[in-house]
Amino acid sequence: MKYENKTVWITGASSGIGKATAQEFAKEGATLILSSRNKESLQALRNELPNPNNVFVLPLDLAKSEDMQSKVDEALRMVSKIDVVVHSGGISQRSLAIDTSMEVNRHVMEIDYFGTIALTLAVLPHFVKNQSGQFVVITSLMGVFSSPMRSGYCGAKHALHGYFDALRAEHQKDNITVTIVCPGFIRTNISKNAMIGTGEKQGTMDEATGAGMSAEACARKLVQGTSKQKAEIYIGGKEILAVYIKRFFPSLLRRMITKVKVT
Ligand SMILES: NC(=O)c1ccc[n+]([C@@H]2O[C@H](COP(=O)([O-])OP(=O)(O)OC[C@H]3O[C@@H](n4cnc5c(N)ncnc54)[C@H](OP(=O)(O)O)[C@@H]3O)[C@@H](O)[C@H]2O)c1
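Residues numbered from 1 in each chain as written. Predicted model: local features only at pLDDT ≥ 70, side-chain atom pairs only at ≥ 80, totals over all residues. Heavy atoms only, no water.

A. Spatial organisation of the pattern of salt bridges. Evaluated as defined, the whole model comprises 6 salt bridges. A salt bridge links K27 to E24; the nearest nitrogen and oxygen atoms lie 3.1 Å apart. Linking K27 with E24, this pair stays in helix 1 (residues 16-27), spanning 3 residues, or about one helical turn. Among the residues examined, K27 registers a relative accessible area of 53% and is labelled exposed. Residue classification places E24 among the buried residues on the basis of a relative accessible area of 12%. Here D83 and K81 are joined by a salt bridge, their closest N and O atoms 2.6 Å apart. (Salt bridge = Lys/Arg side-chain N within 4 Å of Asp/Glu carboxyl O. Helix = DSSP H or I, 4+ residues; strand = E, 2+ residues; numbered from the N terminus. Buried < 20%, exposed > 50% of the residue type's maximum accessible area, 1.4 Å probe, protein only.)

Printed below as a string of structure tokens:
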């Protein structure tokens, strides 16, 4: 029980990777705060976890950055200390850049980037005061390299790497760590919930996502990497190879990415 007496706050806990991560941390004895917009799904998850008395539900909308300070105040009335914040809440996009409105680009950025850093900034003074804390930021392999049909999403996820690499360097002295988690294809509702260029939901499962790793297997690797305080972890199948191709043969990856069949 690695996380007994630790509190882990998870956004995006109503579905997919965030939900599986909550289940995995619960097995390790953590006290949990579950967040996303859908209060009913969070309550349902709370009731199925082994120790619901150690689980708090705190609905929030990442599109409302201005609410994040009051959400942290609320969290600190539920628990006396927050040890880990897992940022799993997010939305994707599936459309060519030329077909994607500015509103969609801004909305993805608002949720995936600004919402995430607003919550981080609201928690940070608590971590500094405690001289401990860990931010676990779920970006994507799309935060390391980019592929077609996801320009706005890739932009938001790359931005998270830029932000959190700086934050890590600034607060190492305060014993605050940052683990950036980059999943590849994980079988969740991400592509169904993704926005197309007009802002509507795509509503369908991408082939590669449907054939991807289970959210449960992803969560196990995430919790393992988190407990080892890794700086960056890649989770998925052979798509991870692209990280190394970009690092060592960048022009080869550029050629591959233009030819690959993307959904
Ligand atoms: N699945 C993959 O292949 C994959 C790959 C790379 C990265 N990721 C990343 O993994 C994270 C989790 O995604 P997933 O795959 O688990 O997808 P998912 O099943 O669609 O879950 C997304 C979660 O984000 C929450 N969310 C969406 N908009 C929100 C908002 N405005 N405010 C608060 N919460 C919001 C959703 O809850 P509510 O609807 O209840 O708000 C849901 O819990 C995302 O950051 C995603 O970019 C996923």
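B. Representation of the site of the ligand within the structure. Around the ligand there are 30 residues in total, and S14, S15, R37, Y153 and T188 lie nearest to it. Within the backbone of G90, a nitrogen or oxygen atom sits 3.2 Å from an oxygen atom of the ligand. Alone, the ligand offers 880 Å² of accessible surface; in the complex the protein occludes 94% of this. (Near = heavy atom within 4 Å. Polar contact = N/O pair within 3.5 Å; in protein donor to acceptor, adjacent residues only side chain to side chain. Areas by Shrake-Rupley, 256 points an atom, 1.4 Å probe, with all protein chains shown as cover.)

C. Quick peek at unusual backbone geometry. Positive phi values are uncommon outside glycine, yet M149 reaches one of about 75°. Take M149: it is sitting in the loop between strand 5 (133-138) and helix 5 (151-171). Taking relative accessible area as the criterion, M149 reaches 28% and is therefore assigned partly exposed. With phi around 55°, Q229 is a residue other than glycine that occupies positive phi space. Along the polypeptide, Q229 turns up in the loop between helix 8 (215-227) and strand 9 (232-235). For Q229, a relative accessible area of 45% puts it in the partly exposed group.

D. Representation of the pairing of strand 4 (residues 84-87) within the structure. Where burial is concerned, the two faces of strand 4 agree: the one with V84 and V86 and the one with V85 and H87 are both buried. Where strand 1 (residues 7-11) lies against strand 4, 4 bridges are found, and the strand directions are parallel. When the bridges of strand 4 are listed, I10 appears paired with V86. Where strand 4 and strand 5 come together, 4 bridges link them in parallel fashion. Its bridge partner being in strand 5, V86 is matched across the sheet by V136. Regarding the hand of the β-α-β motif, the stretch spanning strand 4, helix 4 (residues 102-130) and strand 5 is right-handed. (Pairing = 2+ DSSP bridges. Right-handed = clockwise from strand over helix to strand, strands pointing away.)

E. Geometry of the pairing of strand 2 (residues 31-35). In terms of residue burial, strand 2 counts as a mostly covered element, since 5 of its 5 residues are buried. Side chains of strand 2 alternate between two faces, with T31, I33 and S35 and L32 and L34 buried alike. The pairing of strand 1 with strand 2 spans 5 bridges and is classified as parallel. Across the sheet, the residue bridging to T7 is T31, located in strand 2. With helix 1 bridging strand 1 and its parallel neighbour strand 2, the resulting β-α-β unit is right-handed.

F. The arrangement of the environment of I82 in detail. By the element assignment, I82 lies in the loop between helix 3 (68-78) and strand 4. A residue is classified by how much of its surface remains accessible, and I82, at 0% relative accessible area, is buried. Sequence-wise, I82 and T116 are 34 residues apart; in three dimensions their C-alpha atoms are separated by 16 Å. For I82, the residues in contact, after removing those within four places along its chain, are T7, W9, A75, L76, H126, F127 and N130. (Contact = heavy atoms within 4.5 Å.)

G. Representation of the packing of helix 4 against helix 5 in the model. As a packed pair, helix 4 and helix 5 sit with axes 8 Å apart at the nearest point and diverge in direction by 15°. When the axes of helix 4 and helix 5 are compared, the pair comes out roughly parallel. Viewed along their axes, helix 4 and helix 5 form a crossing whose handedness is right-handed. Where helix 4 abuts helix 5, its residues N105, V108, M109, D112, Y113, T116, I117, T120, L121, L124 and V128 lie against G152, Y153, G155, A156, K157, A159, L160, Y163, F164, L167 and H171. (Axes fitted to C-alpha atoms, helices over the stretch in contact; angles between N-to-C directions. Parallel < 35°, antiparallel > 145°, perpendicular 65-115°, else oblique. Left-handed = near helix turned anticlockwise from the far one by under 90°.)

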